Amino acid sequence: MSTIIDGISHIDTNELHEIIQDPANRTLIIDVREPHEYIGAHIPGIPLIPMGEIASYIHDLDKEREYVFVCRSGYRSFQVANYFKHFGFEQVHNYEGGMLNWEHEVTSGPENIITTFEPQKLERN
């Protein structure tokens, strides 16, 4: 069950894994680390929009969708979740502990680095 810290929902590894494993769950999971971090290791199928660039996409994203933000330790993703909440996104979550806590499958390489906004690239397959 998620924990609320400073007004932001924080989910743990089991909760994130359940979301990923459920094909009916339409929650958008976005990695907000830097490209070199993502290329080194990331959760398969999860897109990257670096923290420094995500603000430029905020008006393109659907406020009605649910979002989980992922980073290395949970700090940057918490800041992004806070930013989204400030702009009226109600269903935002931080992945607590970030990739340092991820115990499941990872992959490497530039699988899904978002450079131009294409909504279908945000969806898990």
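Okay, so let's go over this structure.

Cut-off values and rules
Residues numbered from 1 in each chain as written. Predicted model: local features only at pLDDT ≥ 70, side-chain atom pairs only at ≥ 80, totals over all residues. Heavy atoms only, no water. Patch = residues over 30% accessible without salt bridge, like charges linked within 9 Å, V, L, I, M, F, W, Y side chains within 5 Å. Areas by Shrake-Rupley, 256 points an atom, 1.4 Å probe, with all protein chains shown as cover. Salt bridge = Lys/Arg side-chain N within 4 Å of Asp/Glu carboxyl O. Lys, Arg positive; Asp, Glu negative; His and termini not counted. Charge placed at Lys NZ, Arg CZ, Asp CG, Glu CD. Helix = DSSP H or I, 4+ residues; strand = E, 2+ residues; numbered from the N terminus. Buried < 20%, exposed > 50% of the residue type's maximum accessible area, 1.4 Å probe, protein only. Expected span 1.5 Å × (residues − 1). Arc of directions from axis to C-beta. Contact = heavy atoms within 4.5 Å. Core = buried A, V, L, I, M, F, W, Y, C linked by side-chain atoms within 4.5 Å. Phe/Tyr/Trp six-rings, centres within 6.5 Å; stacked < 30°, edge-to-face > 60°.

## Observations concerning a negative patch on the surface
The grouping of Asp12, Glu18, Asp22 and Glu96 at the surface amounts to a negative patch. Checked against the element boundaries, Glu18 lands in helix H1 (residues 13-21). Looking at Glu18, the relative accessible area reads 55%, which means it is exposed.

## With respect to unusual backbone geometry
Phi angles above zero are rare outside glycine, and Asp6 is one such case at about 50°. Note on placement: Asp6 falls in the loop between strand E1 (3-5) and strand E2 (8-11). A relative accessible area of 64% means that Asp6 is categorised as exposed.

## A look at helix H4 (residues 75-86)
A rise of 1.5 Å per residue sets the reference length of H4, with its 12 residues, at 16 Å; its end C-alpha atoms lie 17 Å apart and thus fit the reference within 8%. Among all positions in H4, only Ser77, Phe78, Val80, Ala81 and Phe84 are buried. An end-on view of H4 places all buried positions within 160° of arc, on one side of the element. Across from the buried face of H4, at angles greater than 90 degrees, the exposed residues are Tyr75 and His86. Those residues of H4 hidden inside the fold are in contact with E1, E2, helix H3 (51-54), strand E4 (67-70) and strand E5 (92-95). Of the residues trailing H4, Gly88 is marked for its positive phi of about 90°.

## Points about the nonpolar core
In terms of nonpolar packing, the biggest core is built from 20 residues, with Ile54, Tyr67, Phe69, Phe84 and Val92 touching the most fellow members. Where this core is concerned, the elements lending two or more residues are strand E3 (28-31), E4 and H4. Sorting elements by how many residues they give to this core places H4 first, with 4 residues. Not counting chain neighbours up to four residues away, the residues in contact with Tyr67 comprise Thr27, Leu28, Ile30, Leu61, Asp62, Phe89, Gln91, Val92 and His93. The next biggest cluster of nonpolar side chains, apart from the first, holds 11 residues, and it includes Ile11, Ile19, Ile43 and Val68.

## Details of the packing of aromatic side chains
Within the structure shown, the criterion is met by 9 aromatic pairs. Measuring from centroid to centroid gives 5.8 Å for Tyr67 and Phe84, while their planes differ by 55°, and the two rings are tilted. Residue Tyr67 is located in strand E4, and its partner Phe84 is located in helix H4; the two are separated by 17 residues in the primary sequence. Look at Tyr83 and Phe84: their rings are 6.5 Å apart centre to centre, the planes differ by 65°, and that puts the pair in the edge-to-face class. A relative accessible area of 0% places Phe84 in the buried class. Grouping aromatic residues by their ring pairs yields a cluster made of Tyr67, Phe69, Tyr83, Phe84, Phe87 and Phe89.

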